[in-house]
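Inside the fold
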Amino acid sequence: MNPSRLCLLLLALASAVRADPPAILIDPGHGGAAVAGSLDQRSNSSPNNATSPGGLKEKDLTLEFSLILKEEILAEADRQGRVLGVLLTRESDVNPNFIERAKICDRPDTACVVSIHFNAGGGGKASGSLALIAAKERNPDYAIDRAFAAGLSAACSKAVREYLPGSKDRGVIHDSHLHGGRGSNFFFQLQRCEHLKGKPKCFLEVEFIDNPAVEKALLDGDRAAKFRTVAASIAAYLVAATEEPAKRRPKD
Ligand SMILES: [Zn+2]
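What comes next is a walk through the structure. These numbers were taken from a predicted model, which means no experiment stands behind them. (Residues numbered from 1 in each chain as written. Predicted model: local features only at pLDDT ≥ 70, side-chain atom pairs only at ≥ 80, totals over all residues.)

**Some words on the overall build of the protein**
Put simply, the rule is: Helix and strand assignments come from DSSP, with helices taken as H or I runs of at least 4 residues and strands as E runs of at least 2, each series counted from the N terminus. Partly exposed residues are those whose C-beta has more than 12 but fewer than 20 other C-beta atoms within 10 Å; with 20 or more the residue is buried, with 12 or fewer it is exposed, and the C-beta atoms are placed from the backbone. Residue pairs qualify as contacts under a 7 Å threshold applied to their C-beta atoms, which are placed from the backbone.
For the protein, the helix and strand inventory stands at 7 helices and 6 strands. The N-to-C order of helical and strand elements in the protein reads α-β-α-β-α-β-β-α-β-α-β-α-α. Burial analysis of the protein (252 residues in total) assigns 42% to the buried set. In the protein, of all internal contacts separated by at least 6 residues, the share reaching a separation of at least 24 is 79%.

Shown next, in the form of structure tokens:
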């Protein structure tokens, strides 16, 4: 290699090291009042799924939780002397479709994508935290997603148990039950993104909010303080799981 080419290469490497800090992408699930996108395009996001017995809507709780999670990630990074970015796919009661949400996530500096949800099902008796990933047969990043999602579910469950001792870590499930086996439309859109190959992606279902016991323990009273405890545990995991840009520098 001639000296001028070597010089250019070194400059390129130096700018790679100085690249923007890694960004954690948080997607507050649902939002707004109407379905966004279309099933044909595999972009449809429903405005709301779960509702608590007292009428709290998942779409509002995902946003409340995500805004607190953003603060906790930044605080945890600051405590560790780390610089991290946190971006949300929405910061108000709107419902971007999955193409729009994926576009926000598709950044060269994205470290991971976590879509925040609250669950329902089991006739109001189910409880526990879980993470959802794209099934193995259509997920080239299956091993990465699975390891990441297991840690995330465990971090969430551990903190939820401070308020709800019987809550279980349900671990990682696959998305094969969705859309007749085709899986989550959000994963479908994320997998088409140029910059997200090899980056962990999952849904986190914090708890089953249709269960009256969960509502009483986790949503009633000072909900912001309870969410902050759970978010802090998740933030500690996410900051630890997000590598420094220098570690991603290719060896030459
Ligand atoms: Zn949901």
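**Let's talk about the sheet that holds strand E5 (residues 169-174)**
This is how the line gets drawn: For two strands to pair, DSSP has to find at least two bridges joining them. Angles run from 0 to 180 degrees between N-to-C directions of axes, and those axes are lines fitted to C-alpha atoms, restricted for helices to the stretch in contact.
Strands sit in the order E2-E1-E3-E6-E4-E5 across an open sheet of 6 strands; the sheet is mixed. Pairing within the sheet leaves two strands with one partner each, and these edge strands are strand E2 (85-88) and E5. On average, each strand axis in the sheet is inclined to that of its neighbour by 25°, with strand direction left out of account. The sheet contact formed by strand E4 (residues 129-133) and strand E6 (residues 201-208) spans 3 bridges and is antiparallel. Bridge pairing links Ala-131 to Leu-204 in E6. Packing against the sheet, helix H2 (residues 58-79) makes contact with strand E1 (23-28), E2, strand E3 (110-119) and E6, and its axis sits at approximately 140° to E3.

**Some points on helix H7 (residues 223-241)**
Note the following rule: Multiplying 1.5 Å by the helix residue count minus one yields the expected span of that helix.
Counted at 1.5 Å a residue, the expected span for H7 with its 19 residues is 27 Å, and the 27 Å between its end C-alpha atoms agrees. What H7 keeps buried is the set Lys-226, Phe-227, Val-230, Ala-231, Ser-233, Ile-234, Ala-235, Tyr-237, Leu-238 and Val-239. Buried residues along H7 sit against E1, H2, helix H4 (142-160), E6 and helix H6 (212-219).

**Describing the packing of H4 against H7**
How two helices pack is summed up by the angle between their axes together with the distance between the axes. Note the threshold: Reported orientations rely on four angle classes, namely roughly parallel under 35 degrees, roughly antiparallel over 145, roughly perpendicular from 65 to 115, and oblique for the rest. Whether a crossing is left-handed or right-handed is set by the direction in which the near helix is turned from the far one by less than a right angle, anticlockwise for left-handed and clockwise for right-handed. Nonpolar residues are Ala, Val, Leu, Ile, Met, Phe, Trp, Tyr, Cys and Pro. Charged residues are Asp, Glu, Lys and Arg, and all others, Gly as well, are polar.
Contact pair H4 / H7: the axes reach a minimum separation of 8 Å and the direction vectors enclose 155°. Judged by the inter-axis angle, H4 sits roughly antiparallel to H7. Crossing of H4 over H7 shows right-handed handedness. On the side of H4, the interface is formed by Phe-148, Gly-151, Leu-152, Ala-155, Cys-156, Lys-158, Ala-159 and Val-160, while H7 contributes Thr-229, Val-230, Ser-233, Ile-234, Ala-236, Tyr-237 and Ala-241. Across the contact of H4 with H7, the residue classes tally to 11 nonpolar, 3 polar and 1 charged.

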